Amino acid sequence: MPVRTITKTMSTETGHRLTNYSGACTHFHGHSYKWEVTISKNVLNGTGFIIDYKILKQIMKDTIGNLDHAFLLHSKDPIFSTIGNENMNGYEAERTVREILKAANGEEANLHILPFNPTSENIISWVADALIEELNKYECNLVKIKMWETDSSFAEWNQPQQDLHYEGTI
Ligand SMILES: [Zn+2]
């Protein structure tokens, strides 16, 4: 049976830097990430939708949108031990970084300190978990996430076909 999907795109301006890596991405920098989210549901609603595009847009805003004008750091980033002092535990060092940024900005920094290195591959897995949780409320399947880091590079997250749950025939 053919699989019907819908896809919506959005963009975020997101900064990051990588740890455990030698190359340009160890520097503080950002990307204009372009996101494509594809979902499916075999049984269409009374209107004939998988889900209204505007609901998918809102779901993406509530999840991926949190990454817009945000900065992603690995919790193991050496910056925390550099800015903090050696007696601080990781949490205290993170709090110090947040306080410095808040003092500089006058508001809470949009800083995500993550338990993983913020590579495209890790970011899409993290985003997939958040999207799946939201899409479950509408009984929709997440089929694919495509995240363009640059014009020539993208990462994909694909739901294994056997994990898609289709019911009914319409
Ligand atoms: Zn980068």
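Residues numbered from 1 in each chain as written. Predicted model: local features only at pLDDT ≥ 70, side-chain atom pairs only at ≥ 80, totals over all residues. Heavy atoms only, no water.

Visitor: Help me understand the overall build of the protein, please; the structure alone is not making it clear to me.
Guide: Check the secondary structure of the protein and you find 4 helices and 6 strands. If you line up the protein on its principal axes, its C-alpha atoms span 60 × 30 × 25 Å. Burial status across the protein gives 41% buried among its 170 residues. Restricting the contact set of the protein to residue pairs at least 6 apart, pairs at least 24 apart contribute 68%. Across the protein, the mean location of the 15 positive side-chain charges is 6 Å away from that of the 22 negative side-chain charges. (Helix = DSSP H or I, 4+ residues; strand = E, 2+ residues; numbered from the N terminus. Buried < 20%, exposed > 50% of the residue type's maximum accessible area, 1.4 Å probe, protein only. Contact = heavy atoms within 4.5 Å. Lys, Arg positive; Asp, Glu negative; His and termini not counted. Charge placed at Lys NZ, Arg CZ, Asp CG, Glu CD.)

Visitor: Help me understand the coordination of the zinc ion, please; the structure alone is not making it clear to me.
Guide: When four donors bind a metal tetrahedrally, each ideal donor-metal-donor angle is 109.5 degrees, and when six bind octahedrally, the ideal angles are 90 or 180 degrees. Protein-derived coordination of the zinc ion comes from His16 (NE2), His29 (NE2) and His31 (NE2), at a distance range of 2.0 Å. Counting gaps between the donor residues of the zinc ion yields the pattern H-x12-H-x1-H. Placement of the pair is His16 in strand β1 (residues 5-16) and His31 in strand β2 (residues 29-40), with a sequence separation of 15 residues. Note on His16: relative accessible area 1%, which makes it buried. Residue classification places His31 among the buried positions, given a relative accessible area of 11%. (Donors = N, O, S within 2.8 Å, 3.2 Å for Na, K, Ca; no water.)

Visitor: Sorry, what's going on with the sheet that holds strand β4 (residues 111-114) here?
Guide: Sheet strands associate in pairs through backbone hydrogen bonding, adopting either a parallel or an antiparallel arrangement. Across the sheet, 6 strands lie side by side as β4-β3-β1-β2-β5-β6; this open sheet has mixed pairing. The two strands at the open ends of the sheet, each matched to only one other strand, are β4 and β6 (153-158). On average, adjacent strands in this sheet sit at an angle of 30 degrees to one another, irrespective of strand direction. Sheet topology places β1 next to strand β3 (residues 70-74); 3 bridges connect them, and they run parallel. Its bridge partner being in β3, His16 is matched across the sheet by Leu72. (Pairing = 2+ DSSP bridges. Axes fitted to C-alpha atoms, helices over the stretch in contact; angles between N-to-C directions.)

Visitor: Honestly, the nonpolar core in this entry has me stumped. Any pointers?
Guide: Nonpolar side chains in soluble globular proteins tend to end up buried together. With 27 residues, the main nonpolar core has Trp35, Ile39, Leu131, Leu142 and Ile145 as its most contacted residues. For this core, the secondary-structure elements that each account for two or more residues are β2, α1 (53-63), α4 (120-136), β5 (141-150) and β6. In terms of nonpolar packing, the next biggest core, distinct from the first, is built from 9 residues, Ile79, Ala93, Ala109 and Ile113 among them. (Core = buried A, V, L, I, M, F, W, Y, C linked by side-chain atoms within 4.5 Å.)

Visitor: Explain the layout of surface pockets to me, please; I cannot follow it from the model alone.
Guide: Empty pockets left among the atoms are what a rolling probe the size of a water molecule brings to light. Empty space within the second largest pocket amounts to approximately 170 Å³. For the lining of the second largest pocket, the secondary structure elements donating two or more residues are β3, α2 (79-83) and α3 (90-105). Looking at side-chain class alone, the lining of the second largest pocket contains 11 nonpolar, 2 polar and no charged residues. (1 Å grid on protein atoms, 1.4 Å probe; cavity = no way out; pocket = protein on both sides within 12 Å on 5 of 7 lines; lining within 4 Å. Points joined across faces, edges and corners; volume = space filled by probe spheres on them. Nonpolar A, V, L, I, M, F, W, Y, C, P; charged D, E, K, R; others polar.)

Visitor: It is not clear to me how unusual backbone geometry should be interpreted in this structure. Could you clarify?
Guide: Keep in mind that most residues, glycine aside, have a negative phi and that most peptide bonds are trans. With phi around 50 degrees, His69 is a residue other than glycine that occupies positive phi space. Checked against the element boundaries, His69 lands in the loop between α1 and β3. Residue class for His69 comes out exposed when judged on its relative accessible area of 60%.

Visitor: What is the right way to look at the packing of aromatic side chains in this model?
Guide: The relation between two aromatic rings is expressed through the spacing of the ring centres and the mutual angle of the planes. In this structure the tally under the stated criterion is 4 aromatic pairs. For the ring pair Tyr33 and Trp35, a centre distance of 6.3 Å and an interplane angle of 45 degrees mean the geometry is tilted. Given the relative accessible area of 1%, Tyr33 is considered buried. The buried category is assigned to Trp35, whose relative accessible area is 0%. Here the aromatic rings of Trp148 and Phe154 are separated by 4.5 Å at their centres, their planes lie at 55 degrees, and the arrangement is tilted. The class for Phe154 is partly exposed, based on a relative accessible area of 42%. The cationic tip of Lys146 hangs over the ring face of Phe154; the distance from NZ or CZ to the ring centre is 4.2 Å. (Phe/Tyr/Trp six-rings, centres within 6.5 Å; stacked < 30°, edge-to-face > 60°. Lys NZ or Arg CZ within 6 Å of the ring centre and 35° of its normal.)

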